[in-house]
Amino acid sequence: MLGRRWSVPCGLSLPTTVAGRSNLPYRRTTGKLRLKAMVVHNPIAGEAAPVEDFSGAWHDFGRSPPDIPPLVKRLILEVKSLEVELGEKLVFGGPRGSLQGRAKAAEDHRHRAFYGYMPDREEKLQFYSARQVACRVLGCKGYLCKDCWLPLTDCMCAKVERVSLWSGVQLWLYMHPKDFLRKNNSGKLLWQVFGGESAHLCVCGIEEQEEAMWDALKQAGQGSVWYLYPEQGVSNTQVNELVLPKELAHTGVPRDKCKTSLNFILIDGTWSNSKMMVNRLQSRARGTWQDCMQSLSLSVDKHSVLHNLRPQPSLDRTCTAAAVVQLLRELDLREDLVGCQLEKAADALDEALQRLLEVLTTRRERKGRGLGKH
Ligand SMILES: [Zn+2]
């Protein structure tokens, strides 16, 4: 079937040159990107090509919501359609498993043209994020483990001890799209160790995930939400200074009966990207609560064990999992959180971080790469 001349009809493919807005595949009617259904067919034979369903891959890698976001699905199919257009299988490779060869050039060309034409910053971010996520899902399906994000041959899931995190703590991994499905990302350890009830993935710019996160944050209330970020020159709250919601601070309430939760947002991205993400959070917080989101600082006193694999610019800029280890240890020292077994949870996450380091180190040595390289 490959090698035949296939095309995507009715102007559904992204334009190779942007001649006018009427050629664009999206129509903006209510401020959101509106998508059309995509059918790939052979105009000569008139037969429909089988369109692969990526819902399962989204469920595995994207985690939530259960249904694949329409824009991500659309872009997956757009990239996938290059196989029939170019008559060759898509090839993914390199350290980050990105698209290679002629398909990469074609994909870059048409998406860059489209991206450059979008006037709205929010639409640009959503398109950029969905494109990153779509390419990663496409390239990693059947290659990476859905939980540890390592190649199936190096899956470390069996080496990770799962423990329950006290339900009064909810962790939100707010991830930059470029970090999605990165092998050396440490944030993924949160759901490996604590499960999906306590650790949630939210990729910046994926509207459905951001809405789900904000629904939960609004329900928790502004006083129960913090983000972790070592901003210089800003007087952040320390863990021992946190004012806990009344229900949580009252030690007489059985821990398993407590319905209120402390919500911590972990900014997961490079340091330049994370500034943009914090600004995005704060902008949304001001629109929601007419006030800023509270920031939290940790007493970080050591490098992350991942430091050698993913160097951080300074001592207070540690990897995400190490930051959560530190957060849980500091929370455990509070008298009003006695009995929540947060130290035990911190130990389990610390152990998992060590296992990740071992696996990454072994992979690099096997591939002849030295430590310290990305
Ligand atoms: Zn695994």
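This is a predicted model, so every value here is computed, not measured. (Residues numbered from 1 in each chain as written. Predicted model: local features only at pLDDT ≥ 70, side-chain atom pairs only at ≥ 80, totals over all residues.)

A.B. asks: For the overall build of the protein chain, give the residues involved together with the corresponding values.
C.D. replies: Across its full length, the protein chain holds ten helices and ten strands. The proportion of buried residues among the 374 residues of the protein chain is 37%. Of all intrachain contacts in the protein chain linking residues separated by at least 6 positions in sequence, the fraction that spans at least 24 positions is 73%. (Helix = DSSP H or I, 4+ residues; strand = E, 2+ residues; numbered from the N terminus. Buried ≥ 20, exposed ≤ 12 C-beta atoms within 10 Å, placed from the backbone. Contact = placed C-beta atoms within 7 Å.)

A.B. asks: Can you tell me about helix α10 (residues 342–366), naming the residues and giving the values?
C.D. replies: Given 3.6 residues to a turn, an α-helix orients residues that are three or four positions apart in the same direction. With 25 residues, α10 should cover 36 Å at 1.5 Å per step; its first-to-last C-alpha distance of 36 Å lies within 8% of that length. Listed in full, the buried residues belonging to α10 are Leu342, Ala345, Ala346, Ala348, Leu349, Ala352, Leu353, Leu356, Leu357 and Leu360. Buried residues along α10 sit against α5 (189–194) and α9 (320–332). In the stretch just after α10, Gly368 is the one whose phi turns positive, near 75°. (Expected span 1.5 Å × (residues − 1).)

A.B. asks: Which residues make up the sheet that holds strand β6 (residues 199–203), and what values do they have?
C.D. replies: With respect to topology, six strands assemble into an open sheet ordered β6-β5-β9-β7-β10-β8, the strand pairing being parallel. Each having just a single partner strand, β6 and β8 (237–238) make up the two edges of the open sheet. Contacts from helix α8 (residues 271–289) reach β5 (169–175), β7 (225–228) and β9 (262–268) within the one sheet, and its direction differs from that of β9 by about 145°. (Pairing = 2+ DSSP bridges. Axes fitted to C-alpha atoms, helices over the stretch in contact; angles between N-to-C directions.)

A.B. asks: So what's going on with the environment of Leu189? Residues and values would help.
C.D. replies: Looking at the secondary structure, you find Leu189 in helix α5. What makes Leu189 buried here is the crowd of 30 C-beta atoms within 10 Å. The spacing of Leu189 and Leu349 is 160 residues in sequence and 7.2 Å in space, taken between C-alpha atoms. Filtering out sequence-adjacent residues up to four positions away, Leu189 remains in contact with Ala321, Leu349, Ala352, Leu353 and Leu356.

A.B. asks: Would you mind going over the nonpolar core in detail, with residue names and values included?
C.D. replies: Most often, soluble globular proteins keep nonpolar side chains buried together rather than apart. Ranked by size, the top nonpolar core spans 87 residues in total, and within it Leu266 and Leu349 carry the most contacts. Examining the composition of this core, we find that ten residues originate from one element, α10, more than from any other. With residues up to four places along the chain from it excluded, the contact list for Leu349 reads Leu189, Val193, Ala321, Val324 and Val325. (Core = buried A, V, L, I, M, F, W, Y, C linked by C-beta atoms within 7 Å.)

A.B. asks: How would you explain the pairing of strand β10 (residues 294–297) if you had to name every residue and give the values?
C.D. replies: The sheet contact formed by β7 and β10 spans three bridges and is parallel. Bridge pairing in β10 places Trp226 opposite Gln294.

A.B. asks: I'd like a rundown of the packing of helix α2 (residues 70–86) against helix α3 (residues 101–117), residues and numbers included.
C.D. replies: At a closest axis distance of 10 Å, the pairing of α2 and α3 adopts a crossing angle of 120°. When the axis of α2 is compared with that of α3, the two are oblique. Along this stretch, α2 crosses α3, giving a crossing that reads as right-handed. Contacts from Val79, Leu82 and Leu86 in α2 reach Arg102, Ala103, Ala106 and Glu107 in α3. Class assignment of the residues belonging to the contact of α2 with α3 gives a composition of five nonpolar, no polar and two charged. (Parallel < 35°, antiparallel > 145°, perpendicular 65-115°, else oblique. Left-handed = near helix turned anticlockwise from the far one by under 90°. Nonpolar A, V, L, I, M, F, W, Y, C, P; charged D, E, K, R; others polar.)

A.B. asks: Help me get a handle on the confidence of the model for the protein chain, residues and values and all.
C.D. replies: Looking at the protein chain as a whole, its pLDDT mean stands at 80, while 75% of the residues score no less than 70. For residues 1–49, every residue scores under 50 in pLDDT, and the model assigns this stretch 71 contacts once sequence neighbours within four places are set aside. Low pLDDT, under 50, characterises residues 311–316; the predicted model gives this stretch ten contacts beyond four residues in sequence or across chains. (pLDDT = per-residue confidence, 0-100.)

A.B. asks: Lay out the packing of α9 against α10 in plain terms, naming residues and giving numbers.
C.D. replies: Helix packing for two helices is described by the angle between their axes and how far apart those axes are. Direction vectors running N to C along α9 and α10 enclose 160°, while the axes themselves pass 8 Å from each other. Judged on the interaxial angle alone, α10 and α9 are roughly antiparallel. Classified by chirality, the crossing of α10 by α9 is left-handed. Contact residues: α9 offers Ala321, Ala322, Val324, Val325, Leu328, Arg329, Leu331 and Asp332, while α10 offers Leu342, Glu343, Ala345, Ala346, Leu349, Asp350 and Leu353. When its residues are assigned to classes, the contact of α9 with α10 shows eleven nonpolar, no polar and four charged.

A.B. asks: Run through the environment of Leu248, naming residues and quoting values.
C.D. replies: Secondary-structure assignment places Leu248 in helix α7 (residues 246–249). Residue class for Leu248 comes out buried when judged on the 21 C-beta atoms lying within 10 Å of it. Considered as a pair, Leu248 and Ser261 are 13 residues apart in the sequence and their alpha carbons are 7.8 Å apart.

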